[in-house]
Amino acid sequence: MPVIAIYNPVCGDQTAKSFFKEQVFPLCEKSSISVSSILGTERINHVGELVQQALEKTQVNEVLTIILGSGDGTLHEMINYLSSTELKGRAGIPPEIHLVIIPCGTANALYSSLFPANPGESSDTSSIEYRLQSLRSFIKGPDSHLVPLTLAITTLSSPPSTRLRPKAIASTVVVSTSLHASILHDSERLRDEMPGIERFKVAAEQNSTKWYNSSAKILPVASLGVVQLYDPETKEFISHPDADEDDPFVDLYGPFAYFVSTVNVDRLEPAFRITPLAKDITPSEATCDLVVVRPFSDPTVSMDTPEAREIFSTKLWDIMTAAYENGNHVNLQYDEEGNLTTEGEGPLVVEYIRCGGWEWIPDDMDDDAHLICLDGAISTIEKGGRAVCVAATPQAKAGFMVHA
């Protein structure tokens, strides 16, 4: 089966090319792995063009293996390019692609979820051996462990009056709005000055007092017919109390402070376990794990005022800090005075939802609520439009599998 290598020379700290030359290719040669093509990306969407050319040279029944040196964004580009391109000579038969991931990006969420570092040892993620784990799995041949990638398909719709065709975008890590989308939007301006993950923390500080006016409709898990909510007391998912047999959908009303949905991952950085239950209570089908923080869940918040936002921002920092503590934010509750605690039976600080998908309808007057992050790429929902995200399982013998 054909094997090609593709690296993005400008992602992360821009060392992908040298890492491949000094570490990846020598290990391939030592292990008798024949790499037919070695390619570097040169522009946006170039990775998709390179994979398209490689697929059109393979037989329909062949699996293409790609040793990919990049971050999550380059994989996102590749999948979306291929999903919108017709491959010559395949008669509509979708390809099967096996990925060997070499983490070269900034956060490397997918890789760090597949190969989690030991708690308190996040520095290990920069070691050579840590970064070669997917390649070593591939070298095992038939004994290699392959993980299928779930796709989150997000459809961005314009106002009905425009009659424009909705735009569909596939993601393999995260789809978010609210604070996380604002962070990714603003952090891009800091990339040259701060190539590492520290730029995300700077952008978070700049956006910490923002609330986002929108409503959301949560779609049920397909096989269960219900939306699930994590109960920190029983440590289990339960049927969401706001849904019933007649109406399995759940409506959430803003303002929101945080709204992050993931597939395939339990973390967005090596130590930032924002959706820990994706691994601790593994879903049996394609689902979205959704983390929601709404300020009005706090019993001490009754109005949206500058003072209330300032006070709540300190609690939001505490919530994010708990995510770095092995995902402990999912166990937080409010006491009667609005303090965060892991004891008692107070209102949930974090609504951790497992669902089949969701719909986001931003308030036309709130520009920031229209930002949506798709694997780090920022799009803007048109005024009067909406976004719908649905988790999807690829067909058998089609789609993307990762050596893990």
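Before reading on, note that the structure itself is shown above.
Predicted, not measured: the structure shown is a model, and the values here were computed from it. (Residues numbered from 1 in each chain as written. Predicted model: local features only at pLDDT ≥ 70, side-chain atom pairs only at ≥ 80, totals over all residues. Heavy atoms only, no water.)

What's the story with the side chain of Asn331 in this structure? I'm lost.
As for its placement among the helices and strands, Asn331 is situated in the loop between helix 10 (306–323) and strand 15 (333–334). With residues up to four places along the chain from it excluded, the contact list for Asn331 reads Tyr230, Pro232, Lys235, Thr341 and Thr342. (Helix = DSSP H or I, 4+ residues; strand = E, 2+ residues; numbered from the N terminus. Contact = heavy atoms within 4.5 Å.)

Help me understand a negative patch on the surface in this model?
Side chains of Asp244, Glu245, Asp246 and Asp247 sit close together on the surface and give a patch of like negative charge. Here Asp244 is to be found in the loop between strand 11 (236–239) and strand 12 (250–253). (Patch = residues over 30% accessible without salt bridge, like charges linked within 9 Å, V, L, I, M, F, W, Y side chains within 5 Å. Areas by Shrake-Rupley, 256 points an atom, 1.4 Å probe, with all protein chains shown as cover. Salt bridge = Lys/Arg side-chain N within 4 Å of Asp/Glu carboxyl O. Lys, Arg positive; Asp, Glu negative; His and termini not counted. Charge placed at Lys NZ, Arg CZ, Asp CG, Glu CD.)

How should empty space enclosed by the protein be read in this particular structure?
Over the atoms rolls a probe the size of a water molecule, and in doing so it shows where empty space is left. This model, assessed by the stated rule, comprises one cavity of 30 Å³ or more. For the largest cavity, the calculated volume is near 70 Å³. Lining the largest cavity are Leu68, Ser70, Gly71, Asp72, Leu75, Ile101, Pro103, Asn108, Leu110 and Tyr111. Listing elements by their share of the lining of the largest cavity, those giving two or more residues are strand 3 (64–70), helix 3 (72–83), strand 4 (96–103) and helix 4 (109–114). Broken down by class, the residue content of the lining of the largest cavity amounts to six nonpolar, three polar and one charged. (1 Å grid on protein atoms, 1.4 Å probe; cavity = no way out; pocket = protein on both sides within 12 Å on 5 of 7 lines; lining within 4 Å. Points joined across faces, edges and corners; volume = space filled by probe spheres on them. Nonpolar A, V, L, I, M, F, W, Y, C, P; charged D, E, K, R; others polar.)

What should I look at first to understand the environment of Phe259 in this one?
Along the polypeptide, Phe259 turns up in strand 13 (residues 258–262). The exposure class assigned to Phe259 is buried, which follows from its relative accessible area of 0%. In sequence terms Phe259 and Leu179 are 80 residues apart; their C-alpha atoms lie 7.4 Å from each other. Each residue touching Phe259, except ones within four places of it in the same chain, is listed here: Ser176, Thr177, Ser178, Ala216, Leu290, Val291, Val292, Trp358 and Trp360. (Buried < 20%, exposed > 50% of the residue type's maximum accessible area, 1.4 Å probe, protein only.)

Explanation requested: the packing of aromatic side chains in the structure shown.
Aromatic rings considered in pairs are described by the distance between their centres and by the relative angle of their planes. Tallied over the full model, the rule gives 14 aromatic pairs. The interplanar angle of 90 degrees and the centroid separation of 6.1 Å between the aromatic rings of Trp211 and Phe296 together place this pair among those described as edge-to-face. Placement of the pair is Trp211 in the loop between helix 8 (198–207) and strand 9 (214–219) and Phe296 in the loop between strand 14 (288–293) and helix 10, with a sequence separation of 85 residues. When its relative accessible area of 4% is taken as the criterion, Trp211 is described as buried. The residue whose ring lies beneath Arg131 is Phe19, and the NZ or CZ to ring-centre distance is 3.9 Å. (Phe/Tyr/Trp six-rings, centres within 6.5 Å; stacked < 30°, edge-to-face > 60°. Lys NZ or Arg CZ within 6 Å of the ring centre and 35° of its normal.)

Would you mind going over the sheet that holds strand 10 (residues 228–231) with me for this structure?
Strand pairs in the sheet, formed through backbone hydrogen bonds, run parallel or antiparallel to each other. Reading across the sheet, the eight strands line up as 11-10-17-14-13-8-19-20 and stay open at both edges, with antiparallel pairing between neighbours. At either end of the open sheet lies a strand with only one pairing partner, and these are strand 11 and strand 20 (377–380). When strand polarity is set aside, the average angle formed by the axes of neighbouring strands in this sheet is 25 degrees. (Pairing = 2+ DSSP bridges. Axes fitted to C-alpha atoms, helices over the stretch in contact; angles between N-to-C directions.)

Quick question: what am I supposed to make of the environment of Asp192 here?
In this structure, Asp192 sits in the loop between helix 7 (178–187) and helix 8. On a C-alpha basis, the gap between Asp192 and Asp13 in space is 9.8 Å, while along the polypeptide they are 179 residues apart.

Which parts of the structure should I look at to understand unusual backbone geometry?
Across residues other than glycine, the phi torsion is negative in most instances, and most of the peptide bonds are trans. The amide bond that connects Gly254 to the next residue, Pro255, takes the cis arrangement and shows omega of 10 degrees. Inspection of the secondary structure assignment puts Pro255 in the loop between strand 12 and strand 13. Positive phi, normally seen in glycine, also occurs at Ser178, with a value near 55 degrees. Counting through the fold element by element, Ser178 comes out in helix 7.

Got a minute to help me understand the side chain of Arg273 in this structure?
Looking at the secondary structure, you find Arg273 in the loop between strand 13 and helix 9 (277–280). Only 2.9 Å separates the side chain of Arg273 from the side chain of Asn326, close enough to count as a polar contact. Other than its neighbours up to four places away in sequence, Arg273 contacts Asp266, Arg267, Lys279, Asp280, Ala323, Asn326, Gly327 and His329. (Polar contact = N/O pair within 3.5 Å; in protein donor to acceptor, adjacent residues only side chain to side chain.)

I would appreciate a short explanation of helix 2 (residues 46–55) in the present structure.
Each α-helix winds once per 3.6 residues, and so residues spaced three or four apart point in a common direction. Most of helix 2 sits inside the fold, with eight of its 10 residues counted as buried. Those residues of helix 2 that sit buried are His46, Val47, Gly48, Leu50, Val51, Gln52, Ala54 and Leu55. Those residues of helix 2 that are buried are in contact with strand 1 (3–7), strand 2 (37–40), strand 3, helix 3 and strand 4.

Which parts of the structure should I look at to understand the sheet that holds strand 18 (residues 357–362)?
If you trace the six strands from one edge of the open sheet to the other, you get 7-6-21-18-9-12, paired in antiparallel fashion. On the outer flanks of this sheet lie strand 7 (167–171) and strand 12, each paired with one strand and no other. Shown here is a sheet whose adjacent strand axes are inclined to one another by a mean of 20 degrees, direction ignored. Examined bridge by bridge, strand 6 (residues 151–157) and strand 21 (residues 386–392) share seven bridges and lie antiparallel to one another. Each residue of the ladder has a partner; that of Thr154, found in strand 21, is Cys389.

Bear in mind that shape data such as this cannot, by itself, settle questions of function.
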